[in-house]
Amino acid sequence: MRMLQSAEFQPRLREGLLEFPVHHVRGGTSTGLVIWEPFAPADPVLREELLRHLMGVPLSGSQPGNRQITGLGRGAPTSNKVFFVDWEATRDGERLVSTLAQLASDHAAIDWSVNCGNLSSALPLWALDVGLVTAAAGESRDISIRNSNTGVISTGRIGRTAEGALVCASIPGVSGEFPSVDLFLHDPVGAKTGQLLPTGQAVEQIDGRAVSCVDVAVPMVITLASDFGKTAHEPLADLQNDQAFMADLRRVWVEAGLRMKLRRRDGELMTADELARSETQPKVCIVGPPQAGGNISVRYFTPQALHASMAVSGGCCLAAAALIPGSVAWQVATGLAAPSGEFADIEVAIENPAGVLATTVVARERDGKLQVSSAAYRRTAQVLLRGHVPLYRASPGLVEALLPLTQR
(Lines give C-alpha, C1' and ligand atoms only; values in the text may rest on other atoms or scores of the structure.)
Protein backbone atom coordinates (compact mmCIF):
# COMPACT_ATOMS: atom_id res chain seq x y z
CA MET A 1 0.00 0.00 0.00
CA ARG A 2 1.27 3.46 -0.86
CA MET A 3 1.90 5.81 2.02
CA LEU A 4 2.62 9.50 2.28
CA GLN A 5 6.31 9.61 3.14
CA SER A 6 6.78 13.22 4.17
CA ALA A 7 6.38 13.98 7.88
CA GLU A 8 4.58 17.14 6.73
CA PHE A 9 1.53 15.01 5.94
CA GLN A 10 1.53 12.60 8.93
CA PRO A 11 -0.22 12.79 12.33
CA ARG A 12 2.03 14.09 15.06
CA LEU A 13 2.27 14.59 18.81
CA ARG A 14 3.34 18.12 19.67
CA GLU A 15 3.76 19.24 23.29
CA GLY A 16 1.47 16.42 24.39
CA LEU A 17 -1.31 17.32 21.93
CA LEU A 18 -2.39 15.20 18.97
CA GLU A 19 -2.39 17.09 15.67
CA PHE A 20 -4.01 15.68 12.54
CA PRO A 21 -2.83 16.47 8.98
CA VAL A 22 -5.30 17.98 6.51
CA HIS A 23 -5.42 19.80 3.21
CA HIS A 24 -8.02 22.56 3.10
CA VAL A 25 -8.92 22.80 -0.58
CA ARG A 26 -11.24 24.38 -3.08
CA GLY A 27 -12.66 22.44 -5.98
CA GLY A 28 -14.92 24.42 -8.30
CA THR A 29 -17.29 26.35 -6.04
CA SER A 30 -16.97 24.01 -3.04
CA THR A 31 -14.43 23.97 -0.24
CA GLY A 32 -13.56 21.29 2.26
CA LEU A 33 -10.85 19.00 3.55
CA VAL A 34 -8.89 16.14 2.03
CA ILE A 35 -7.60 13.46 4.42
CA TRP A 36 -5.30 10.55 3.65
CA GLU A 37 -7.57 7.68 4.68
CA PRO A 38 -4.89 5.32 6.10
CA PHE A 39 -4.30 7.93 8.82
CA ALA A 40 -7.96 8.02 9.86
CA PRO A 41 -9.43 5.71 12.54
CA ALA A 42 -10.97 2.52 11.17
CA ASP A 43 -13.76 2.65 13.75
CA PRO A 44 -16.68 4.57 12.12
CA VAL A 45 -17.64 6.19 15.44
CA LEU A 46 -14.12 7.55 16.00
CA ARG A 47 -13.85 8.59 12.35
CA GLU A 48 -16.99 10.69 12.66
CA GLU A 49 -15.74 12.19 15.93
CA LEU A 50 -12.56 13.25 14.13
CA LEU A 51 -14.61 14.96 11.42
CA ARG A 52 -16.67 16.90 13.95
CA HIS A 53 -13.52 18.20 15.64
CA LEU A 54 -11.97 19.21 12.32
CA MET A 55 -15.05 20.97 10.97
CA GLY A 56 -16.37 22.56 14.18
CA VAL A 57 -19.81 20.94 14.22
CA PRO A 58 -21.58 19.69 17.36
CA LEU A 59 -20.04 16.53 18.80
CA SER A 60 -23.55 15.23 19.44
CA GLY A 61 -27.13 16.32 18.92
CA SER A 62 -27.90 19.69 17.37
CA GLN A 63 -26.87 23.27 18.04
CA PRO A 64 -29.04 25.73 16.08
CA GLY A 65 -27.09 28.73 14.89
CA ASN A 66 -23.68 27.07 15.30
CA ARG A 67 -21.11 29.13 13.36
CA GLN A 68 -18.35 26.47 13.34
CA ILE A 69 -15.87 28.84 14.96
CA THR A 70 -13.96 25.87 16.46
CA GLY A 71 -13.26 24.23 13.11
CA LEU A 72 -12.69 24.62 9.39
CA GLY A 73 -16.27 24.33 8.17
CA ARG A 74 -17.95 27.35 6.65
CA GLY A 75 -21.68 27.03 7.31
CA ALA A 76 -23.04 26.31 3.83
CA PRO A 77 -23.30 22.70 2.62
CA THR A 78 -20.88 23.54 -0.20
CA SER A 79 -18.18 24.28 2.40
CA ASN A 80 -18.88 21.42 4.79
CA LYS A 81 -17.35 18.52 2.92
CA VAL A 82 -14.50 16.14 3.70
CA PHE A 83 -12.90 13.63 1.34
CA PHE A 84 -11.07 10.58 2.66
CA VAL A 85 -8.68 9.43 -0.07
CA ASP A 86 -6.85 6.13 -0.52
CA TRP A 87 -4.94 4.48 -3.35
CA GLU A 88 -5.73 1.10 -4.91
CA ALA A 89 -4.34 -1.16 -7.61
CA THR A 90 -6.49 -2.04 -10.63
CA ARG A 91 -6.04 -4.29 -13.63
CA ASP A 92 -5.05 -1.24 -15.65
CA GLY A 93 -2.80 0.41 -13.08
CA GLU A 94 -3.66 2.42 -9.97
CA ARG A 95 -6.28 4.96 -8.94
CA LEU A 96 -7.48 7.14 -6.11
CA VAL A 97 -10.44 6.02 -4.01
CA SER A 98 -12.51 8.89 -2.59
CA THR A 99 -15.12 8.74 0.16
CA LEU A 100 -17.14 11.87 0.87
CA ALA A 101 -18.49 12.92 4.24
CA GLN A 102 -21.11 15.68 4.03
CA LEU A 103 -21.56 17.63 7.26
CA ALA A 104 -24.01 20.32 8.35
CA SER A 105 -23.17 23.27 10.56
CA ASP A 106 -25.82 22.77 13.23
CA HIS A 107 -26.00 19.06 13.95
CA ALA A 108 -23.75 16.05 14.44
CA ALA A 109 -25.23 13.75 11.79
CA ILE A 110 -22.93 13.01 8.83
CA ASP A 111 -24.19 11.95 5.41
CA TRP A 112 -22.11 9.33 3.59
CA SER A 113 -24.51 8.72 0.71
CA VAL A 114 -23.33 11.03 -2.09
CA ASN A 115 -20.34 12.30 -4.03
CA CYS A 116 -19.36 15.92 -4.79
CA GLY A 117 -18.29 16.65 -8.35
CA ASN A 118 -16.99 20.12 -7.49
CA LEU A 119 -14.71 19.07 -4.66
CA SER A 120 -13.64 15.95 -6.60
CA SER A 121 -11.84 18.28 -8.99
CA ALA A 122 -9.41 19.18 -6.17
CA LEU A 123 -8.24 15.57 -5.78
CA PRO A 124 -5.81 15.52 -8.74
CA LEU A 125 -4.21 18.72 -7.42
CA TRP A 126 -4.01 17.17 -3.94
CA ALA A 127 -2.39 14.02 -5.36
CA LEU A 128 0.26 16.16 -7.05
CA ASP A 129 0.78 18.19 -3.88
CA VAL A 130 1.44 15.16 -1.65
CA GLY A 131 3.59 13.37 -4.23
CA LEU A 132 1.30 10.47 -5.07
CA VAL A 133 1.55 11.39 -8.77
CA THR A 134 3.83 13.58 -10.86
CA ALA A 135 3.40 15.60 -14.03
CA ALA A 136 6.42 16.81 -15.97
CA ALA A 137 6.65 20.13 -17.79
CA GLY A 138 4.47 20.10 -20.89
CA GLU A 139 2.65 16.96 -19.70
CA SER A 140 -1.00 16.28 -18.87
CA ARG A 141 -1.72 13.60 -16.32
CA ASP A 142 -4.95 11.57 -16.21
CA ILE A 143 -5.77 10.36 -12.69
CA SER A 144 -8.49 7.76 -12.24
CA ILE A 145 -10.79 8.21 -9.23
CA ARG A 146 -13.34 5.74 -7.84
CA ASN A 147 -15.90 7.26 -5.51
CA SER A 148 -16.90 4.71 -2.88
CA ASN A 149 -20.12 6.53 -1.95
CA THR A 150 -21.69 6.12 -5.38
CA GLY A 151 -19.43 3.77 -7.35
CA VAL A 152 -18.89 6.47 -10.00
CA ILE A 153 -15.55 6.26 -11.81
CA SER A 154 -14.06 9.53 -13.04
CA THR A 155 -10.83 10.71 -14.59
CA GLY A 156 -9.25 13.98 -13.55
CA ARG A 157 -6.90 15.61 -16.05
CA ILE A 158 -4.34 18.11 -14.80
CA GLY A 159 -1.29 19.40 -16.61
CA ARG A 160 1.75 21.63 -16.64
CA THR A 161 2.86 24.20 -19.17
CA ALA A 162 6.12 23.85 -21.07
CA GLU A 163 7.68 26.01 -18.35
CA GLY A 164 6.49 23.64 -15.61
CA ALA A 165 3.69 25.75 -14.12
CA LEU A 166 0.27 24.21 -13.64
CA VAL A 167 -2.14 24.94 -16.49
CA CYS A 168 -4.71 27.46 -15.25
CA ALA A 169 -8.22 28.48 -16.27
CA SER A 170 -11.17 30.52 -15.02
CA ILE A 171 -14.71 29.33 -14.29
CA PRO A 172 -18.02 31.03 -13.38
CA GLY A 173 -18.40 31.70 -9.68
CA VAL A 174 -14.64 31.93 -8.98
CA SER A 175 -12.72 35.15 -9.49
CA GLY A 176 -9.38 34.72 -11.27
CA GLU A 177 -7.42 31.89 -12.86
CA PHE A 178 -6.34 28.80 -10.92
CA PRO A 179 -5.08 25.27 -11.70
CA SER A 180 -7.41 23.71 -14.26
CA VAL A 181 -8.88 20.21 -13.86
CA ASP A 182 -11.04 18.49 -16.46
CA LEU A 183 -13.17 15.82 -14.81
CA PHE A 184 -14.70 13.03 -16.85
CA LEU A 185 -17.48 10.92 -15.27
CA HIS A 186 -17.58 7.43 -16.77
CA ASP A 187 -20.76 5.32 -16.89
CA PRO A 188 -22.58 7.88 -14.72
CA VAL A 189 -26.11 6.58 -15.34
CA GLY A 190 -27.90 5.16 -12.31
CA ALA A 191 -25.30 6.24 -9.75
CA LYS A 192 -27.75 5.71 -6.86
CA THR A 193 -30.75 3.93 -8.35
CA GLY A 194 -29.27 1.91 -11.21
CA GLN A 195 -31.55 3.59 -13.76
CA LEU A 196 -31.53 6.68 -15.95
CA LEU A 197 -35.22 7.21 -15.11
CA PRO A 198 -35.74 5.74 -11.62
CA THR A 199 -39.54 6.00 -11.82
CA GLY A 200 -39.66 4.69 -15.40
CA GLN A 201 -41.13 7.94 -16.73
CA ALA A 202 -39.53 10.89 -18.49
CA VAL A 203 -42.08 13.24 -16.92
CA GLU A 204 -44.83 12.87 -14.32
CA GLN A 205 -47.06 14.97 -12.11
CA ILE A 206 -46.37 15.56 -8.43
CA ASP A 207 -48.52 17.95 -6.44
CA GLY A 208 -49.86 19.32 -9.73
CA ARG A 209 -46.40 20.09 -11.13
CA ALA A 210 -44.39 18.55 -13.98
CA VAL A 211 -41.40 16.62 -12.65
CA SER A 212 -38.60 14.54 -14.16
CA CYS A 213 -36.62 12.18 -11.93
CA VAL A 214 -33.22 11.50 -13.48
CA ASP A 215 -30.14 9.70 -12.13
CA VAL A 216 -26.89 10.63 -13.88
CA ALA A 217 -23.99 11.03 -11.41
CA VAL A 218 -26.59 12.06 -8.80
CA PRO A 219 -30.34 11.47 -8.45
CA MET A 220 -32.11 14.71 -9.23
CA VAL A 221 -35.65 16.06 -9.26
CA ILE A 222 -36.11 18.50 -12.15
CA THR A 223 -39.18 20.73 -12.13
CA LEU A 224 -40.59 23.50 -14.30
CA ALA A 225 -39.94 26.89 -12.73
CA SER A 226 -43.15 28.19 -14.28
CA ASP A 227 -45.18 25.60 -12.35
CA PHE A 228 -44.10 27.41 -9.17
CA GLY A 229 -44.66 30.87 -10.62
CA LYS A 230 -40.91 31.29 -11.14
CA THR A 231 -38.55 31.76 -14.11
CA ALA A 232 -35.25 30.10 -13.02
CA HIS A 233 -33.65 33.54 -13.37
CA GLU A 234 -34.54 34.88 -9.90
CA PRO A 235 -31.92 36.29 -7.51
CA LEU A 236 -30.94 33.63 -4.98
CA ALA A 237 -32.29 35.51 -1.97
CA ASP A 238 -35.73 35.88 -3.57
CA LEU A 239 -36.07 32.09 -3.79
CA GLN A 240 -34.44 31.17 -0.49
CA ASN A 241 -36.59 33.66 1.44
CA ASP A 242 -39.84 32.60 -0.24
CA GLN A 243 -41.04 30.21 2.46
CA ALA A 244 -44.19 29.18 0.59
CA PHE A 245 -42.12 28.26 -2.47
CA MET A 246 -39.61 26.30 -0.38
CA ALA A 247 -42.43 24.40 1.32
CA ASP A 248 -44.00 23.56 -2.05
CA LEU A 249 -40.63 22.45 -3.43
CA ARG A 250 -39.97 20.26 -0.38
CA ARG A 251 -43.27 18.43 -0.84
CA VAL A 252 -42.31 17.72 -4.44
CA TRP A 253 -38.82 16.42 -3.69
CA VAL A 254 -40.02 14.25 -0.81
CA GLU A 255 -42.66 12.55 -2.95
CA ALA A 256 -40.18 12.24 -5.83
CA GLY A 257 -37.59 10.69 -3.51
CA LEU A 258 -40.15 8.12 -2.39
CA ARG A 259 -41.03 7.30 -6.00
CA MET A 260 -37.34 7.00 -6.89
CA LYS A 261 -36.88 4.56 -4.00
CA LEU A 262 -33.83 6.37 -2.68
CA ARG A 263 -31.95 4.50 0.01
CA ARG A 264 -29.84 5.26 3.04
CA ARG A 265 -26.23 4.13 3.23
CA ASP A 266 -27.34 0.96 5.03
CA GLY A 267 -29.54 0.02 2.08
CA GLU A 268 -32.88 0.76 3.72
CA LEU A 269 -35.41 2.88 1.85
CA MET A 270 -35.48 6.50 2.98
CA THR A 271 -38.65 7.62 4.73
CA ALA A 272 -40.53 10.81 3.93
CA ASP A 273 -39.14 12.39 7.09
CA GLU A 274 -35.58 11.43 6.17
CA LEU A 275 -36.02 12.85 2.68
CA ALA A 276 -37.45 16.08 4.08
CA ARG A 277 -34.36 16.50 6.31
CA SER A 278 -31.70 15.17 3.93
CA GLU A 279 -28.80 17.50 3.16
CA THR A 280 -27.76 15.58 0.06
CA GLN A 281 -30.44 13.65 -1.82
CA PRO A 282 -32.27 14.02 -3.98
CA LYS A 283 -30.78 17.08 -5.61
CA VAL A 284 -33.51 19.46 -6.82
CA CYS A 285 -33.71 22.17 -9.44
CA ILE A 286 -36.16 24.42 -11.19
CA VAL A 287 -35.50 25.08 -14.87
CA GLY A 288 -36.58 27.57 -17.50
CA PRO A 289 -35.64 28.81 -20.96
CA PRO A 290 -32.20 30.45 -21.33
CA GLN A 291 -31.71 34.20 -21.59
CA ALA A 292 -27.93 34.64 -21.85
CA GLY A 293 -26.77 32.46 -24.72
CA GLY A 294 -26.89 29.12 -22.94
CA ASN A 295 -29.16 26.16 -23.63
CA ILE A 296 -31.13 26.07 -20.36
CA SER A 297 -31.40 28.08 -17.15
CA VAL A 298 -31.43 26.60 -13.65
CA ARG A 299 -31.70 27.32 -9.95
CA TYR A 300 -30.26 24.34 -8.04
CA PHE A 301 -30.88 23.11 -4.48
CA THR A 302 -28.73 20.65 -2.52
CA PRO A 303 -31.67 20.19 -1.47
CA GLN A 304 -31.98 22.18 1.75
CA ALA A 305 -29.97 25.16 0.52
CA LEU A 306 -29.91 27.02 -2.77
CA HIS A 307 -26.58 26.58 -4.56
CA ALA A 308 -24.75 29.79 -5.42
CA SER A 309 -23.98 28.45 -8.89
CA MET A 310 -24.47 24.88 -10.14
CA ALA A 311 -22.93 21.71 -8.76
CA VAL A 312 -21.05 19.97 -11.54
CA SER A 313 -22.44 16.51 -10.85
CA GLY A 314 -25.92 18.03 -10.91
CA GLY A 315 -24.95 19.88 -14.07
CA CYS A 316 -24.03 16.61 -15.77
CA CYS A 317 -27.39 15.17 -14.71
CA LEU A 318 -29.32 18.18 -15.98
CA ALA A 319 -27.36 18.17 -19.26
CA ALA A 320 -28.25 14.53 -19.85
CA ALA A 321 -31.88 15.17 -18.87
CA ALA A 322 -32.10 17.89 -21.51
CA LEU A 323 -31.46 15.19 -24.13
CA ILE A 324 -34.32 12.94 -22.97
CA PRO A 325 -37.39 13.60 -25.17
CA GLY A 326 -40.36 14.75 -23.12
CA SER A 327 -38.45 15.47 -19.93
CA VAL A 328 -38.95 18.76 -18.10
CA ALA A 329 -35.43 19.85 -19.08
CA TRP A 330 -35.99 18.87 -22.73
CA GLN A 331 -39.18 20.96 -22.79
CA VAL A 332 -37.39 24.23 -22.00
CA ALA A 333 -33.90 23.67 -23.46
CA THR A 334 -33.08 25.33 -26.76
CA GLY A 335 -30.39 24.92 -29.41
CA LEU A 336 -29.30 21.38 -28.53
CA ALA A 337 -28.22 18.76 -31.03
CA ALA A 338 -30.30 15.57 -30.92
CA PRO A 339 -28.38 12.38 -30.10
CA SER A 340 -27.61 10.20 -33.12
CA GLY A 341 -27.20 6.45 -33.36
CA GLU A 342 -23.48 6.69 -32.49
CA PHE A 343 -21.86 8.03 -29.35
CA ALA A 344 -20.91 11.67 -29.87
CA ASP A 345 -20.10 14.73 -27.79
CA ILE A 346 -23.08 17.01 -27.16
CA GLU A 347 -22.30 20.30 -25.46
CA VAL A 348 -24.87 21.72 -23.04
CA ALA A 349 -24.41 25.22 -21.61
CA ILE A 350 -26.28 25.71 -18.33
CA GLU A 351 -27.07 29.25 -17.21
CA ASN A 352 -26.88 29.62 -13.42
CA PRO A 353 -26.48 32.48 -10.92
CA ALA A 354 -22.69 32.55 -11.34
CA GLY A 355 -22.57 32.39 -15.14
CA VAL A 356 -22.63 29.48 -17.56
CA LEU A 357 -21.49 25.94 -16.71
CA ALA A 358 -20.12 24.23 -19.81
CA THR A 359 -20.76 20.48 -19.87
CA THR A 360 -20.27 17.76 -22.44
CA VAL A 361 -22.42 14.63 -22.61
CA VAL A 362 -21.18 11.67 -24.65
CA ALA A 363 -24.47 10.08 -25.68
CA ARG A 364 -26.39 8.23 -28.38
CA GLU A 365 -29.97 7.22 -29.11
CA ARG A 366 -30.62 3.48 -29.27
CA ASP A 367 -34.06 1.88 -29.61
CA GLY A 368 -35.72 5.15 -28.66
CA LYS A 369 -33.73 5.49 -25.43
CA LEU A 370 -30.87 7.77 -24.43
CA GLN A 371 -27.57 6.07 -23.58
CA VAL A 372 -24.83 8.06 -21.84
CA SER A 373 -21.26 6.77 -21.74
CA SER A 374 -19.64 9.75 -20.00
CA ALA A 375 -20.05 13.37 -19.06
CA ALA A 376 -17.33 15.96 -18.56
CA TYR A 377 -16.88 19.42 -17.07
CA ARG A 378 -14.02 21.84 -16.39
CA ARG A 379 -13.28 23.11 -12.90
CA THR A 380 -10.42 24.90 -11.16
CA ALA A 381 -8.86 23.92 -7.86
CA GLN A 382 -6.72 25.36 -5.07
CA VAL A 383 -4.83 24.18 -2.05
CA LEU A 384 -6.03 26.78 0.45
CA LEU A 385 -3.99 25.44 3.35
CA ARG A 386 -1.93 22.39 4.25
CA GLY A 387 -1.06 21.65 7.83
CA HIS A 388 -2.08 20.08 11.13
CA VAL A 389 -5.22 20.65 13.19
CA PRO A 390 -4.72 20.29 16.99
CA LEU A 391 -7.40 18.01 18.48
CA TYR A 392 -7.97 19.80 21.77
CA ARG A 393 -11.06 17.83 22.78
CA ALA A 394 -10.25 14.38 21.38
CA SER A 395 -11.81 11.54 23.34
CA PRO A 396 -9.53 8.89 24.93
CA GLY A 397 -10.66 6.45 22.23
CA LEU A 398 -9.66 8.82 19.43
CA VAL A 399 -6.30 9.50 21.09
CA GLU A 400 -5.68 5.77 21.44
CA ALA A 401 -6.52 5.19 17.75
CA LEU A 402 -4.30 8.00 16.42
CA LEU A 403 -1.35 7.84 18.82
CA PRO A 404 0.37 4.84 17.16
CA LEU A 405 0.55 6.79 13.88
CA THR A 406 2.69 9.45 15.57
CA GLN A 407 5.26 6.92 16.80
CA ARG A 408 6.33 5.32 13.54
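Residues numbered from 1 in each chain as written. Predicted model: local features only at pLDDT ≥ 70, side-chain atom pairs only at ≥ 80, totals over all residues. Heavy atoms only, no water.

So, about the pattern of salt bridges. Considering all chains together, one arrives at 18 salt bridges under this definition. In this structure, the salt-bridge partner of Asp207 is Arg209, at a minimum N-O distance of 3.4 Å. What makes Asp207 partly exposed here is its relative accessible area of 44%. Note that Arg209 is salt-bridged to Asp248, the shortest N-O span being 3.5 Å. Of this pair, Arg209 sits in strand 12 (residues 209-216) while Asp248 sits in helix 5 (residues 243-260), placing them 39 residues apart in sequence. (Salt bridge = Lys/Arg side-chain N within 4 Å of Asp/Glu carboxyl O. Buried < 20%, exposed > 50% of the residue type's maximum accessible area, 1.4 Å probe, protein only. Helix = DSSP H or I, 4+ residues; strand = E, 2+ residues; numbered from the N terminus.)

Our focus in this paragraph is unusual backbone geometry. Looking along the chain, the bond that leaves Gln281 and enters Pro282 is cis, with omega of -5 degrees. Inspection of the secondary structure puts Pro282 in the loop between helix 6 (272-277) and strand 14 (283-288). Backbone torsion omega between Thr302 and Pro303 reads 5 degrees, so that peptide bond is classified as cis. For Pro303, the position within the fold is in the loop between strand 15 (296-301) and helix 7 (312-321). You will see that Gln68, though not glycine, has its phi angle at about 60 degrees, which is positive. The topology assignment puts Gln68 in the loop between helix 1 (44-55) and strand 4 (81-90). One non-glycine residue, Ala217, lies in positive phi territory at about 75 degrees. Among the secondary structure elements, Ala217 is positioned in the loop between strand 12 and strand 13 (218-224).

We now examine the side chain of Arg379. When you line up the elements, Arg379 lands in strand 18 (residues 369-390). Buried within the structure, Arg379 lacks any salt-bridge partner; Asp182 is the closest side chain of opposite charge, at an N-O distance of 8.5 Å. Among the polar contacts listed, one links the side chain of Arg379 to the side chain of Asn118, at a separation of 3.1 Å. Beyond its immediate chain neighbours, meaning those up to four positions away, Arg379 contacts Gly28, Thr29, Asn118, Ser121, Ile171, Pro179, Ser180, Val181, Val312 and Leu357. (Lys, Arg positive; Asp, Glu negative; His and termini not counted. Polar contact = N/O pair within 3.5 Å; in protein donor to acceptor, adjacent residues only side chain to side chain. Contact = heavy atoms within 4.5 Å.)

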